[in-house]
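# Structure assessment
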Amino acid sequence: MARSATRKRVHDAVLGLLHEGRVGSLSMEGVAARAGVSKQTLYRSWPTTGAIVFDALLARSEGPDGDVVVPDTGDLSADLVTLASGMVSELTGAETEPLLRAVTAEVQIDAEVAAQYRALLLAPQMAAIARRFRDAGAVDPEECAELFVGPLLHRWLLRSQPFSREWIARHVTRTVRATAN
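Residues numbered from 1 in each chain as written. Predicted model: local features only at pLDDT ≥ 70, side-chain atom pairs only at ≥ 80, totals over all residues. Heavy atoms only, no water.

A few words now on the packing of aromatic side chains. On inspection of all chains with the given rule, the structure shows three aromatic pairs. The side chain of Arg101 reaches across the aromatic face of Trp156, ending 4.2 Å from its centre. (Phe/Tyr/Trp six-rings, centres within 6.5 Å; stacked < 30°, edge-to-face > 60°. Lys NZ or Arg CZ within 6 Å of the ring centre and 35° of its normal.)

We now examine unusual backbone geometry. Even without a glycine there, the phi angle at Arg159 is positive, about 50 degrees. Along the chain, Arg159 falls in the loop between helix H8 (141–158) and helix H9 (165–179). Overall, the relative accessible area of 58% leaves Arg159 in the exposed class. (Helix = DSSP H or I, 4+ residues; strand = E, 2+ residues; numbered from the N terminus. Buried < 20%, exposed > 50% of the residue type's maximum accessible area, 1.4 Å probe, protein only.)

Glancing now at the nonpolar core. Leu42, Leu57, Phe133 and Phe148 are the most contacted members of the largest nonpolar core, which has 53 residues in total. The biggest single contributor to this core is helix H7 (residues 111–135), with eight residues. (Core = buried A, V, L, I, M, F, W, Y, C linked by side-chain atoms within 4.5 Å.)

It is worth spelling out the side chain of Thr175 at this point. Topologically, Thr175 is positioned in helix H9. Owing to a relative accessible area of 2%, Thr175 belongs among the buried residues under this scheme. Not counting chain neighbours up to four residues away, the residues in contact with Thr175 comprise Phe133, Cys144, Leu147 and Phe148. (Contact = heavy atoms within 4.5 Å.)

Moving on, we come to helix H6 (residues 96–109). For H6, built from 14 residues, the straight-helix expectation of 20 Å at 1.5 Å per residue is met to within 8% by its first-to-last C-alpha distance of 20 Å. Within the sequence span of H6, burial applies to Thr96, Leu99, Leu100, Arg101, Val103, Glu106 and Val107. In this structure, the buried residues of H6 make contact with helix H1 (4–20), helix H4 (49–59), helix H5 (76–92), H7 and H8. (Expected span 1.5 Å × (residues − 1).)

Attention now moves to the packing of H8 against H9. The N-to-C vectors of H8 and H9 enclose an angle of 155 degrees; their axes lie 9 Å apart at closest approach. In terms of orientation, H8 and H9 fall into the roughly antiparallel class. In the crossing of H8 with H9, the sense of the turn from one axis to the other is right-handed. Between H8 and H9, the contacting residues are Cys144, Leu147, Phe148, Pro151, Leu152 and Arg155 on the first element and Trp167, His171, Val172, Thr175, Ala178 and Thr179 on the second. Within the contact of H8 with H9, the residues separate by chemical class into eight nonpolar, three polar and one charged. (Axes fitted to C-alpha atoms, helices over the stretch in contact; angles between N-to-C directions. Parallel < 35°, antiparallel > 145°, perpendicular 65-115°, else oblique. Left-handed = near helix turned anticlockwise from the far one by under 90°. Nonpolar A, V, L, I, M, F, W, Y, C, P; charged D, E, K, R; others polar.)

What follows concerns the environment of Asp140. Residue position: Asp140 is located in the loop between H7 and H8. A relative accessible area of 31% places Asp140 in the partly exposed class. Sequence spacing of Asp140 and Ala180 is 40 residues, and the spatial spacing of their C-alpha atoms is 9.9 Å.

The values reported here are purely geometric and, on their own, carry no functional implication.
So this is what it looks like as structure tokens:
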């Protein structure tokens, strides 16, 4: 993996380019030029522009040790409220929502991008959430993670209902109740 400073420059470059255009129009040349690095530097750490995009998005949820951060205060409900609130802020933020919607659209039309999304972004995030459920004693932590994330993404993707603190609290209560079985 690229050095920390280089990785940050590449992430900033790719996210900046995404704000200016479509995911499918990214090129290694464009990212390299924007980041001030060579294409070889990019290819040593990322095989495709999609890999750079998903690494940049994943980095937003990583702690200093490189692991995806999921709150763990010992209070599962409080931790899930914190996590859901952070997810909603990221999904609906004025700067991030257009970018995430563009990436989501590309995932729907490009099978290779979808595979990279699942492997490079979704899997590490879901594994971290599942670990939190496992630490809380959940019987099937992977399904618990899916049960937690699914309604958040559904509401965001379809714009079916607005998010509110009250809805998040009810969602967490339902999730914790369902995972206690």
